[in-house]
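In case you want the letters, here they are:
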Amino acid sequence: MKNKESEMINLKVYHGSTFIVEKPSLEILNYRTDFGKGFYTTTDISQAKRWTKIKKGRMQEEKRDENIKRYVNIYEYTENEDLNILNFEAATEEWLKFVFKNRQSNELVHQYDIVIGPVADDNLYQVLVSYENGVYDMEETIKRLKTYLLSNQISFHTLKSLECVKYIETIEVGEEDE
């Protein structure tokens, strides 16, 4: 995450949630996600808003509560050259294998502090399921993945990486923000 002059950068990142998250944690996280157990953010506020809608829907199913609120928590990430970072520039064969390995495990299956890459959203997930079920081979899957406009995600997997994330503010997301 360096610019062309190799200077340290600061990056605004967004975390979509049904909670205000002033202090990101590795305690309450989902397994079987694209990059494994971690704290997920994006540089795309629209993607963060989509995450809030998905999370609210899941919570409403679990708790049968219609009053769940949606929040986008905003942070500043300051680069740390000592972190072990994996960066997927696009949905490639390497990315696909990495996502499947993580989605199939209840444990963290890598040693990276931060992983950056495309989001396997619900539409994209159907392509991944077709690959997993043998409907598409690797070549066909990658070809289909390239037809999607993919948003990014930045996942933090260690306490050391979370030290680089500073809370700025939280905004509530309304239904009109779709």
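Only a predicted model underlies this, so the values are computations on that prediction, with no experimental measurement involved.

## A look at the pattern of salt bridges
Using the criterion set out here, one finds 4 salt bridges in the structure. The residue Lys97 makes a salt bridge to Glu93 at a minimum N-O spacing of 3.0 Å. With Lys97 and Glu93 both in helix H2 (residues 93-103), this residue pair falls 4 residues apart, about one helical turn. What makes Lys97 partly exposed here is its relative accessible area of 46%. A residue is classified by how much of its surface remains accessible, and Glu93, at 38% relative accessible area, is partly exposed.

## As for the sheet that holds strand S3 (residues 70-78)
In space, the 3 strands of this open sheet follow the order S1-S3-S7, with antiparallel pairing throughout. The two strands at the open ends of the sheet, each matched to only one other strand, are strand S1 (10-17) and strand S7 (165-173). Neighbour-to-neighbour, the strand axes of this sheet turn through a mean angle of 25 degrees, independent of strand direction. When S1 meets S3, the two strands line up antiparallel, connected through 8 bridges.

## Some thoughts on the sheet that holds strand S2 (residues 39-41)
Read across the open sheet, the 4 strands follow the order S2-S6-S5-S4; overall the sheet is mixed. Lying at the two open borders of the sheet, with one neighbouring strand each, are S2 and strand S4 (85-87). Along the sheet, successive strands turn relative to each other by an average axial angle of 15 degrees, direction set aside. By the bridge criterion, 3 bridges tie S2 to strand S6 (residues 152-156) in an arrangement that is antiparallel. Its bridge partner being in S6, Tyr40 is matched across the sheet by Ser155.

## Observations concerning the environment of Phe156
By the secondary structure assignment, Phe156 is in strand S6. Residues Phe156 and Pro24, spaced 132 residues apart in sequence, show a C-alpha to C-alpha distance of 9.4 Å. Setting aside chain neighbours within four positions, we find Phe156 in contact with Leu26, Gly38, Phe39, Thr41, Tyr77, Asp113, Ile114, Ser161, Leu162 and Val165.

## Focus on the side chain of His15
Tracing the backbone shows His15 in strand S1. We classify His15 as buried; its relative accessible area is 7%. Within polar-contact distance, the side chain of His15 engages the backbone oxygen of Tyr40 at 2.7 Å. Sequence-distant contacts of His15, that is, excluding residues within four places in its chain, are made with Val21, Phe39, Tyr40, Thr41, Ala48, Lys55, Tyr71, Val72, Asn73 and Tyr75.

## Comments concerning the side chain of Ser161
Mapped onto the fold, Ser161 is located in helix H5 (residues 159-162). On the basis of relative accessible area, Ser161 is assigned to the buried category, the value being 0%. Within polar-contact distance, the side chain of Ser161 engages the backbone oxygen of Asp113 at 3.4 Å. Those residues in contact with Ser161 that sit more than four places away from it in its chain are Leu83, Asp113, Ile114 and Phe156.

What counts and what doesn't
- Residues numbered from 1 in each chain as written.
- Predicted model: local features only at pLDDT ≥ 70, side-chain atom pairs only at ≥ 80, totals over all residues.
- Heavy atoms only, no water.
- Salt bridge = Lys/Arg side-chain N within 4 Å of Asp/Glu carboxyl O.
- Helix = DSSP H or I, 4+ residues; strand = E, 2+ residues; numbered from the N terminus.
- Buried < 20%, exposed > 50% of the residue type's maximum accessible area, 1.4 Å probe, protein only.
- Pairing = 2+ DSSP bridges.
- Axes fitted to C-alpha atoms, helices over the stretch in contact; angles between N-to-C directions.
- Contact = heavy atoms within 4.5 Å.
- Polar contact = N/O pair within 3.5 Å; in protein donor to acceptor, adjacent residues only side chain to side chain.

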